[in-house]
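Observations on the model geometry
These are the residues of each chain, in order.
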Amino acid sequence: MSTKIVLFSDIHEHAVFSPRALLDKRLFGLLNSTFCRGGSYRMERTDAAVRTILNDLKPDVIVFSGDAVSTSDPREFDSALNRLRPLVDSGIPILFSPGNHDRYVRDRTCREGFERFRIALTRSCPLEWPAVYETEELRFAVIDCARPFNPVLSCGQMSPETASFLESEAAKSDPRPLVCVGHFPLRNNALLEFRHRLIGSARATALLENGSIALSLAGHVHLPSQSLDARGRGEIIAGSLTKWDILREITFDGGVFTVRDLASDGTPR
Ligand SMILES: [Fe+2]
């Protein structure tokens, strides 16, 4: 028996303009999406990845580590959902952890757009964060640390309740390895400067470092990376699918996690 996971992240559907964006942080996100990211984030890679996942990879579990959109505008969520809908319709469980761009602002229409997206995307596997999803071989702890921050910060914040949840799951005498699914990396990462850090992560980081969390699957940092031991335990940062054209196929077999990196069309990287 083995379990196959496909991990992708940070698809960042392009920002769309709303007059209300002039009133809050969305203006920064719009400028960033239009002038900084521009054409280097290619949305057709999401479409190709969806085809590859369904036609070739056929995983047991799909992990989407968040940042579906750029500024949380409901039209961005609609576009993202349209691209991802075949995954939803396949019935394969989708474990989703929202990113800071999915909870970009407090605006009510944005929050409602996010909520519609969340419910539709996770239809085959509805979970209230934090939650555990179990397969025969693995336990997935799916957490949510995304909060709206001021325009200069792209941080996450782990609540004490979420940290306690992870500690209590990690303390269970269950032989199945615990896999944490989140947007923000748990491990202190040189790429995560002050502006992008996960506030309140110390207790979860300790669980990862002592092996109680076997594997952390994260996004947020757009450059793909991983820090794994000989049994494939540690942390995998997915990298942005639309920027770097990368999907991670993770196979758990015989107590070992093995990672294969693929382009969105399924070719090995
Ligand atoms: Fe992102």
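What counts, and at which threshold
- Residues numbered from 1 in each chain as written.
- Predicted model: local features only at pLDDT ≥ 70, side-chain atom pairs only at ≥ 80, totals over all residues.
- Heavy atoms only, no water.
- Phe/Tyr/Trp six-rings, centres within 6.5 Å; stacked < 30°, edge-to-face > 60°.
- Buried < 20%, exposed > 50% of the residue type's maximum accessible area, 1.4 Å probe, protein only.
- Lys NZ or Arg CZ within 6 Å of the ring centre and 35° of its normal.
- 1 Å grid on protein atoms, 1.4 Å probe; cavity = no way out; pocket = protein on both sides within 12 Å on 5 of 7 lines; lining within 4 Å.
- Points joined across faces, edges and corners; volume = space filled by probe spheres on them.
- Helix = DSSP H or I, 4+ residues; strand = E, 2+ residues; numbered from the N terminus.
- Nonpolar A, V, L, I, M, F, W, Y, C, P; charged D, E, K, R; others polar.
- Donors = N, O, S within 2.8 Å, 3.2 Å for Na, K, Ca; no water.
- Tetrahedral: all angles 85-135°; square planar, octahedral: opposite > 155°, others 65-115°.
- Core = buried A, V, L, I, M, F, W, Y, C linked by side-chain atoms within 4.5 Å.
- Contact = heavy atoms within 4.5 Å.
- Patch = residues over 30% accessible without salt bridge, like charges linked within 9 Å, V, L, I, M, F, W, Y side chains within 5 Å.
- Areas by Shrake-Rupley, 256 points an atom, 1.4 Å probe, with all protein chains shown as cover.
- Salt bridge = Lys/Arg side-chain N within 4 Å of Asp/Glu carboxyl O.
- Pairing = 2+ DSSP bridges.
- Axes fitted to C-alpha atoms, helices over the stretch in contact; angles between N-to-C directions.

**Quick word on the packing of aromatic side chains**
- Counting across every chain of the model gives 9 aromatic pairs.
- With a centroid separation of 4.6 Å and an interplanar angle of 40°, the aromatic rings of Phe 252 and Phe 257 are classed as tilted. One exposure class covers both Phe 252 and Phe 257, and it is buried.
- Following the ring pairs from residue to residue traces out a cluster consisting of Phe 8, Phe 64, Phe 77, Phe 96, Phe 114, Phe 117 and Trp 129.
- For the cation-ring pair, Lys 243 lies above Trp 244, with the distance from its terminal atom to the ring centre recorded as 5.5 Å.

**Describing empty space enclosed by the protein**
- This model, assessed by the stated rule, comprises 2 cavities of 30 Å³ or more.
- A volume near 50 Å³ is recorded for the largest cavity.
- In this structure, the largest cavity is lined by Ile 94, Leu 95, Phe 96, Arg 118, Thr 122, Cys 125, Pro 126, Leu 127, Trp 129 and Val 142.
- Per-element tally for the lining of the largest cavity: the top contributor is strand E3 (residues 94-96), with 3 residues.
- Taken together, the residues that form the lining of the largest cavity break down as 8 nonpolar, 1 polar and 1 charged.
- Together, Ser 97, Pro 98, Ile 143, Asp 144, Cys 145, Gly 182, His 183, Phe 184 and Leu 198 line the second largest cavity.
- Tallied by class, the residues present in the lining of the second largest cavity amount to 5 nonpolar, 3 polar and 1 charged.

**Here we look at the coordination of the iron ion**
- The coordination sphere of the iron ion contains the protein donors Asp 10 (OD), His 12 (NE2), Asp 67 (OD) and His 222 (NE2), at a distance range of 2.1 to 2.2 Å.
- Coordination at the iron ion comes from 4 donor atoms whose angles at the metal span 88 to 179°, giving a geometry best classed as irregular.
- Judged by its relative accessible area of 1%, His 12 falls in the buried class.

**Here we look at the layout of surface pockets**
- Reported here for the largest pocket is a volume of approximately 360 Å³.
- What lines the largest pocket is a set of 21 residues, and nearest its centre among them are Arg 37, His 101, Ser 154, Arg 195 and His 196.

**Thoughts on the nonpolar core**
- Membership of the largest hydrophobic core comes to 48 residues, with the highest contact counts inside it found for Phe 8, Phe 64, Leu 84, Leu 95, Phe 117, Leu 217 and Leu 247.
- Sort the elements by how many residues they give to this core and helix H3 (residues 74-90) lands first, with 6 residues.
- The contacts of Phe 117, once residues within four sequence positions are left out, are Phe 64, Ala 68, Phe 77, Ala 80, Leu 81, Leu 84 and Phe 96.
- Counting 18 residues, the second-largest nonpolar core is a separate cluster that includes Phe 165, Leu 178, Cys 180 and Leu 207.

**Looking at the side chain of His 196**
- Here His 196 is to be found in the loop between strand E7 (178-181) and strand E8 (198-199).
- Discounting residues that sit within four places of it in the chain, His 196 has contacts with Ser 154, Cys 155 and His 220.

**Re a nonpolar patch on the surface**
- A surface patch of nonpolar side chains, about 360 Å² in accessible area, is lined by Phe 17, Leu 22 and Leu 23.
- The topology assignment puts Phe 17 in the loop between strand E1 (2-8) and helix H1 (26-37).
- Residue Phe 17 is classed as partly exposed on the basis of its relative accessible area, which comes to 45%.

**Looking at the pattern of salt bridges**
- By the definition in use, this model includes 19 salt bridges.
- For Asp 144, the salt bridge goes to Arg 103, with nearest N and O atoms at 2.9 Å. Note that Asp 144 is positioned in the loop between strand E5 (139-142) and strand E6 (156-157) and Arg 103 in the loop between E3 and helix H4 (108-121), a separation of 41 residues in sequence.
- Here Asp 144 falls in the buried class, since its relative accessible area comes to 11%.
- Here Arg 108 ties to Glu 112 by a salt bridge, and the two come within 3.0 Å at their closest N and O atoms. With Arg 108 and Glu 112 both in helix H4, this residue pair falls 4 residues apart, about one helical turn.
- Taking relative accessible area as the criterion, Glu 112 reaches 35% and is therefore assigned partly exposed.
- Within this structure, Glu 134, Arg 139, Glu 169, Lys 172, Asp 174 and Arg 176 form a network of salt bridges that share partners.

**What to know about the sheet that holds strand E11 (residues 234-237)**
- Ordered by their spatial adjacency, 6 strands build an open sheet running E4-E5-E7-E9-E11-E10, and the pairing between neighbours is mixed. Since the sheet does not close on itself, it has two edges, and those belong to strand E4 (131-134) and strand E10 (225-228), each with one partner. Taken over all neighbouring pairs, the strand axes of this sheet differ in orientation by 20° on average, direction set aside.
- With 4 bridges connecting them, E10 and E11 associate as antiparallel partners. Note on E11: the bridge partner recorded for Leu 228 is Gly 234.
- Here helix H5 (residues 160-170) sits on the sheet in contact with E4, E5 and E7, set at roughly 160° to E7.

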